[in-house]
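# Examining the three-dimensional arrangement
Chain by chain, the residues run as shown.
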Amino acid sequence: MTRGTPTPLADRIRALIETAGPLSVCDYMALCLADPQHGYYMRAEPFGAGGDFITAPEVSQLFGEMIGAWLVHAHAASGAPKRFHLVELGPGRGTLMADILRVARLRPAFHAAASLHLVETSPRLREVQKAALGANAVNVQWHDSIAGLPVDAPLLIVANEFFDALPIRQYVRLQGRWRERCIGLADDGETLRFVPGTGGLEDADLIAGLAGAPEGAVVETQPLANALMQDLATRLAAQGGVLLAIDYGYGRTAAGDTLQALRRHEHVSVFEAPGLCDLTAHVNFEALARAANLAPLRPRRLLGQGEFLLALGLLERAGQLGAGKSEDDRERIRGEVERLAAPGQMGDLFKVLAVAPDIVPLMPFDPV
Ligand code: SAH
């Protein structure tokens, strides 16, 4: 139990629980992240050294350059359509797209064919993205959701640390049953805490797979992420194109509580300062791949971020970037490579899933 820092959103959450009963983890996460007034992504700057967490594009320009190289390849492998839409889901500060576009300019056939679409709910982050994209921003269309994306040409879609920000559900094993894990109030009427809800887990396959789970075990489902993936994959099957999802996550469904809160680079209780901390959950890539398959579209072999970046030429590009630079600069670049690609760092904690029609060869997913 955590009393936490008082915030306007904490007061609203308490009032909601008092009137309507415990909130699901899904509703709690949605309020904390996306409440139009107090949600985490709607207010201050979450990213970077001065924020709460650092994402791969903020670690190094090398990350976005490798993604750019992959997209150029994916475009060529898809038959080099004369027009396509380059889409980013949850672009944060716009750093990744800016780095992708720097690479894209080296390939006029790619650059000339692309129109830019950013799916972003936060008006404040849209302004940050506009500034990061500079002159390119005039060609960008922003969308509140994927529903607004055009239907008239292939979509090349990138999502880095996007799916982990979508609200999840949790279930807890109690006396042989999986009960939804909810958030209620402790006896003091103020402190937020986990309580079992009235609903249960209904996915028979998942229940069967978790038969040996002990009392108190927690399992997560990600209905929003899966539904979004299925929608996107349906679009790709109809319009053509590819999707690349990169996130902290796991490749096989298993029990485990991965809901976490970060504030100023420290792990804190998920009840600490609602609306002022980042809340995420690890992505279940097996479930995400299955959702794409339903579309039906072929999800490719799941890769670690390290093997993905190295196969694309991370070391070669780092060497090129360091050539002629000072020893300090070269040391910094080595550190960035290590952070992005080394095991135990982002190299294996982060996973990369590509989804595309069968006939499109996608290096380094498909050795051809
Ligand atoms: N991709 C960026 C930022 C990741 S943080 C990077 O790698 O640095 C998550 C991003 O997704 C933020 O831009 C946030 O505002 C956005 N976001 C979160 N939920 C969203 C939703 N449901 N729809 C659209 N954007 C969302």
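Structure first, text after, so check above.
First things first, this report covers the structure right here in the doc.

Reading guide: rules and limits
- Residues numbered from 1 in each chain as written.
- Predicted model: local features only at pLDDT ≥ 70, side-chain atom pairs only at ≥ 80, totals over all residues.
- Heavy atoms only, no water.
- Helix = DSSP H or I, 4+ residues; strand = E, 2+ residues; numbered from the N terminus.
- Expected span 1.5 Å × (residues − 1).
- Buried < 20%, exposed > 50% of the residue type's maximum accessible area, 1.4 Å probe, protein only.
- Arc of directions from axis to C-beta.
- Contact = heavy atoms within 4.5 Å.
- Phe/Tyr/Trp six-rings, centres within 6.5 Å; stacked < 30°, edge-to-face > 60°.
- Lys NZ or Arg CZ within 6 Å of the ring centre and 35° of its normal.
- Pairing = 2+ DSSP bridges.
- Axes fitted to C-alpha atoms, helices over the stretch in contact; angles between N-to-C directions.
- 1 Å grid on protein atoms, 1.4 Å probe; cavity = no way out; pocket = protein on both sides within 12 Å on 5 of 7 lines; lining within 4 Å.
- Points joined across faces, edges and corners; volume = space filled by probe spheres on them.
- Nonpolar A, V, L, I, M, F, W, Y, C, P; charged D, E, K, R; others polar.
- Polar contact = N/O pair within 3.5 Å; in protein donor to acceptor, adjacent residues only side chain to side chain.
- Near = heavy atom within 4 Å.
- Areas by Shrake-Rupley, 256 points an atom, 1.4 Å probe, with all protein chains shown as cover.
- Salt bridge = Lys/Arg side-chain N within 4 Å of Asp/Glu carboxyl O.
- Core = buried A, V, L, I, M, F, W, Y, C linked by side-chain atoms within 4.5 Å.
- Disulfide = S-S within 2.5 Å.

## Quick look at helix α13 (residues 327–341)
With 15 residues, α13 should reach 21 Å at 1.5 Å per residue; the first-to-last C-alpha distance of 21 Å fits that figure. Burial in α13 covers these residues: Ile333, Glu336, Val337, Leu340 and Ala341. Each buried residue of α13 sits inside an arc of 105 degrees when the element is viewed along its axis, so together they form one side. Of the surrounding secondary structure, the elements contacted by the buried residues of α13 are α3 (56–59), α4 (61–77), α11 (305–311), α12 (314–322) and α14 (346–349).

## Quick word on the packing of aromatic side chains
Per the stated rule, a full pass over the model turns up eight aromatic pairs. On the numbers, 5.8 Å between centres and 70 degrees between planes, the contact of Tyr28 with Phe271 is edge-to-face. Here Phe271 lies in the loop between β12 (266–268) and β13 (278–280) and Tyr28 lies in helix α2 (residues 25–34), a separation of 243 residues in the sequence. Given the relative accessible area of 0%, Tyr28 is considered buried. Its relative accessible area of 5% is what places Phe271 among the buried residues. Residues Phe162 and Phe163 carry aromatic rings whose centres are separated by 5.5 Å and whose planes lie at 75 degrees to one another, so their mutual orientation is edge-to-face. This pair shows no difference in class: Phe162 is buried, exactly as Phe163 is. Taken together through their ring pairs, the aromatic side chains of Tyr28, Phe194 and Phe271 make up a single cluster. The positively charged end of Lys130 is found above the aromatic ring belonging to Trp142, 5.6 Å away from the centroid. Stacked on the ring of Phe194, the Lys or Arg Arg181 has its end atom at 3.6 Å from the ring centre.

## Side note on the sheet that holds β12
Strand order in the open sheet formed by three strands is β12-β11-β13, and the pairing between neighbours is antiparallel. Across the chains shown, the open sheet's two edge strands, defined by having one partner strand only, are β12 and β13. Going across the sheet, the axis of each strand differs from the next one's by a mean of 40 degrees, ignoring polarity. Examined bridge by bridge, strand β11 (residues 260–263) and β12 share three bridges and lie antiparallel to one another. Across the sheet, the residue bridging to Ala261 is Val268, located in β12.

## Comments concerning empty space enclosed by the protein
Scanning the entire structure with this criterion turns up one cavity of 30 Å³ or more. Reported here for the largest cavity is a volume of approximately 40 Å³. If you trace the largest cavity, you find it lined by Phe163, Asp164, Leu166, Ile168, Gln222, Ala225, Ala281, His282 and Val283. By residue class, the composition of the lining of the largest cavity is six nonpolar, two polar and one charged.

## Re the environment of Ser269
Of note, Ser269 is situated in the loop between β12 and β13. As for Ser269 and Leu259, which are separated by 10 residues in sequence, their C-alpha atoms are 9.7 Å apart. In this structure the side chain of Ser269 is engaged in a polar contact, spanning 2.9 Å, whose partner is the backbone nitrogen of Phe271.

## Quick notes on the site of the ligand
The environment of the ligand is formed by 16 residues, the closest being Thr55, Gly90, Gly92, Glu120 and Asn160. A distance of 2.7 Å separates a nitrogen atom of the ligand from a polar atom in the backbone of Gly90. Interatomic distance of 2.6 Å between a side-chain N/O atom of Glu120 and an oxygen atom of the ligand. The fraction of the free accessible surface of the ligand (570 Å²) that becomes covered by protein chains is 90%. Considering only residue class, the shell around the ligand consists of eight nonpolar, five polar and three charged.

## Section: the pattern of salt bridges
Within this structure, the stated rule accounts for 22 salt bridges. Across the pair Arg102 and Glu65 runs a salt bridge, and its minimum N-O distance is 2.8 Å. A residue pair is termed long-range when its members are at least 10 positions apart, and Arg102 in helix α5 (residues 95–104) and Glu65 in helix α4 qualify at 37 residues. Note on Arg102: relative accessible area 34%, which makes it partly exposed.

## Digging into the layout of surface pockets
To find leftover empty space, a probe the size of one water molecule is rolled over the atoms. If you add up the space inside the second largest pocket, you get close to 510 Å³. Around the second largest pocket sit 25 residues that line it, and Asp203, Leu206, Thr221, Ala287 and Arg290 are the ones nearest its centre. Those elements giving two or more residues to the lining of the second largest pocket turn out to be β6 (169–174), α8 (204–209), β9 (218–221), α9 (223–239) and α10 (285–294). For the lining of the second largest pocket, the class distribution of residues is 11 nonpolar, eight polar and six charged.

## Brief notes about the nonpolar core
Ile67, Trp70, Leu86 and Phe308 are the most contacted members of the largest nonpolar core, which totals 49 residues. If one sorts the elements of this core by residue count, α4 sits on top with eight residues. With residues near it in sequence (within four places) discarded, Leu86 still touches Leu71, Met97, Ile100, Leu101, Phe110, Ala114, Ser115, Leu116, His117 and Leu156.

## Points about the state of the cysteines
In the structure shown here, the tally under the stated rule is zero disulfides. In this structure Cys182 is a free cysteine whose sulfur lies 10 Å from that of Cys26, the closest cysteine sulfur available. A relative accessible area of 7% means that Cys182 is categorised as buried. Not part of a disulfide, Cys277 finds its nearest cysteine sulfur in Cys32, a span of 8.3 Å. Classification of Cys277 by relative accessible area gives buried; the value is 3%.

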